[in-house]
Each structure stands twice: as C-alpha cells, then as structure tokens.
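The primary structure of each chain is shown beneath.
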Amino acid sequence: MNLKRFIALLFISTVGIIIFSTSAYTNNNGRPGNTGSPGENACNQCHNSNALNSGGGSVSISSPNMPNWNYFPGTTYTINVKVKKAGIGKFGFGFEALLPSGANGGIIQTVNSPNAKTLASTVLGNSRTNAVHAQPNHFGTDSLVFSFEWIAPAAGTGSITFYAAGNATNSANNSSGDFIYTANQIVAEASTINVQSMLANKKLTIFPNPTTDFISLSFPESMEQPNALLQIFDISGKLVHHQNINCANNNNSKVVSLDFLNAGAYFVHLQNGAYEHQEKIMIVK
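This section reports on the structure supplied with the text. (Residues numbered from 1 in each chain as written. Predicted model: local features only at pLDDT ≥ 70, side-chain atom pairs only at ≥ 80, totals over all residues. Heavy atoms only, no water.)

## Regarding the side chain of T169
Logical step 1: Relative to the elements of secondary structure, T169 occurs in strand β9 (residues 160–169).
Logical step 2: If we ignore the near neighbours within four places in the chain, the residues touching T169 are I88, K90 and D178. (Helix = DSSP H or I, 4+ residues; strand = E, 2+ residues; numbered from the N terminus. Contact = heavy atoms within 4.5 Å.)

Listed below in structure tokens is the structure:
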C-alpha cells in the first residue's frame, strides 16, 4: 500500500468515526420534532426494533400545580414527563405544547431544569419548541422524570394539547433495541366566567384580600365532601403550601395562617369533589 492510499484511507476512517460520534452525541442530547404530535413521528422512525408502546413500559405527563388540567393564563407550571420501564437505566424524551393549529401553545422553559433543554423544529410550517433530554443527566433506575416549566398562554387562547414521547434505551448508543412510548394530554383554559358564577352563588368566600398574615375561608351550607384540599401557589406557579380543610356543615369557616409567606401575589386553590375554586390574593407586610 503506497503512502497516498494509506493517508486517504486513514482520512475516510477518521471522518466516519467523527460522523458516528456526532450522531450518537446528538441522539444522547435529544432531537426535536419526534413527539408523536400531528405531522411528527415519535422517535420510532429510527428506534424501530420494537412496536410503539410495547414491552410493558410507559411515558406519562403530570403537573403538581395544575389541578384537573386547567391552566390560568400567564401562570408558570411545573411539567414532569416520566419514562418508565423495568430493567432500564438510560432514558430520553421529547415534549411539545401545541395549539389545534399545530403552533406553539405557551412557552416551554428549561433554564431551571436538571435534565432537559429546548430545541426547535419546523413541522407543517410551524416552528415548534421542544423540551428534550440533555446529556449526561438522563440516567435512572427503572424510570426517570424529566422536569421543566411551561408558561400558559394569554387569556382567550383556549385548549392546549401536550404531546410526549419517551425512549427506554438499552444503552447501546445506537437506535437498535430501544422501546418508544407516547402520551398526550389536553389542557383546558380555566373559565373566569365559572369562577365569577361560583362567587355570585356564594359557594366560597376568601377574606380579607389584601391580607397581612391570614385568610378566612367561608364555606356554603353544604359541600360535596366533608374535606377539601387547599393549595397555595406563588405567582410563578410553584406550590408553596397545601393542607386538608374540614368544611363539613358544622365547621363551615376556617382561618388559614399565611405568616410564613412573603409579601406578594398568590393563587389560592380549593378543591372539594367536583367543585373547584381558585382566587388570586395579595399579601402585604
């Protein structure tokens, strides 16, 4: 083999290694546009060794500060995407929040996320923001939760659909042998009219507002269940307090201390069976 031929072969081999390494690195860092939403595949176009949603694993979407999947415009919510499969130690995911038109619904933020980042793709003429896994923080035992934030859109936007795809990988750094799972969740805009109607019917009264260090809850004469769940969120949507409230007929008022909270705006959310009430309060010091 002459020297020129050897150098040429060495160059081709080196380029091949670089391309392979770059591809594997990109996969480890997630790819946008593969959530299974309208116009998209769900990672299984490449990771196609197993049937979609097979093998006993799953992907799920949850939000600790969005009860019953109703969002309030402009509020920041924590979104958790959990990918689960027994015996797996490495996971990937993709997530989108879309309007019926296929455009972005709200804003995805990953600046405070421990294991997710944002990437964009153009699908059906829309530039879609995706939350995807970030290397190297995508390892777990049997499951992994990817957490990030979603800022709800402006009032009047209407329903949004969350789409998620999860990859339970065999850690081989290629597309073979992995399991792909999909999920979606419709998120409805909370109705201001319904809240005003509930107030007009005097189902719940919260006072004083503004307040300094406490609120009083006044319940109607009858509630569906004897106990209610009280949650308080700060203006960013972070849950800062929760407790069970006894709202039975013989105890239809309750004082809740807020002296541990700083001055500012908060959302008080109360749920009793099918009944929900959310109201913004101000704390002044």
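Next, the rest of the story.
## A short note on the packing of aromatic side chains
Logical step 1: The full count for this structure, using the stated rule, is nine aromatic pairs.
Logical step 2: Between Y71 and W150, the aromatic rings sit 5.6 Å apart at their centres with planes inclined by 90°, giving edge-to-face as the arrangement. With a gap of 79 residues between them, Y71 in strand β2 (residues 70–71) and W150 in strand β8 (residues 143–151) connect regions that are remote in the sequence.
Logical step 3: In this structure Y71 comes out as buried when scored by relative accessible area, which is 0%. (Phe/Tyr/Trp six-rings, centres within 6.5 Å; stacked < 30°, edge-to-face > 60°. Buried < 20%, exposed > 50% of the residue type's maximum accessible area, 1.4 Å probe, protein only.)

## A few points about the side chain of D178
Logical step 1: The topology assignment puts D178 in the loop between β9 and β10 (179–189).
Logical step 2: For the buried D178, which has no salt bridge, the nearest side chain bearing the opposite charge is K90, at an N-O separation of 8.3 Å.
Logical step 3: Only 2.9 Å separates the side chain of D178 from the backbone nitrogen of N170, close enough to count as a polar contact.
Logical step 4: Contacts of D178, omitting those with residues within four sequence positions, involve H47, N50, N167, A168, T169 and N170. (Lys, Arg positive; Asp, Glu negative; His and termini not counted. Salt bridge = Lys/Arg side-chain N within 4 Å of Asp/Glu carboxyl O. Polar contact = N/O pair within 3.5 Å; in protein donor to acceptor, adjacent residues only side chain to side chain.)

## Notes on the nonpolar core
Logical step 1: In terms of nonpolar packing, the biggest core is built from 30 residues, with M66, I79, F93, F95, F148, W150 and F162 touching the most fellow members.
Logical step 2: For this core, the elements supplying multiple residues, two or more each, are β1 (58–62), β3 (76–84), β4 (90–98), β8, β9 and β10. (Core = buried A, V, L, I, M, F, W, Y, C linked by side-chain atoms within 4.5 Å.)

## What to know about the sheet that holds strand β14 (residues 239–246)
Logical step 1: Strand order in the open sheet formed by four strands is β14-β13-β16-β17, and the pairing between neighbours is antiparallel. Two strands bound the open sheet, and with one partner strand each, they are β14 and β17 (275–283). When the angles between neighbouring strand axes are averaged without regard to direction, this sheet yields 20°.
Logical step 2: In this sheet, β14 lies alongside strand β13 (residues 227–234) in antiparallel orientation, the contact comprising seven bridges. In the strand pairing of β14, L229 is matched with N244. (Pairing = 2+ DSSP bridges. Axes fitted to C-alpha atoms, helices over the stretch in contact; angles between N-to-C directions.)

## Details of the environment of G55
Logical step 1: Here G55 is to be found in the loop between α1 (3–28) and β1.
Logical step 2: Separated by 125 residues in the primary sequence, G55 and I180 place their C-alpha atoms 9.2 Å from one another.
Logical step 3: Residues within four places of G55 in sequence aside, it is in contact with K85, F179 and Y181.

Function cannot be inferred from these measures alone, as they are strictly geometric.
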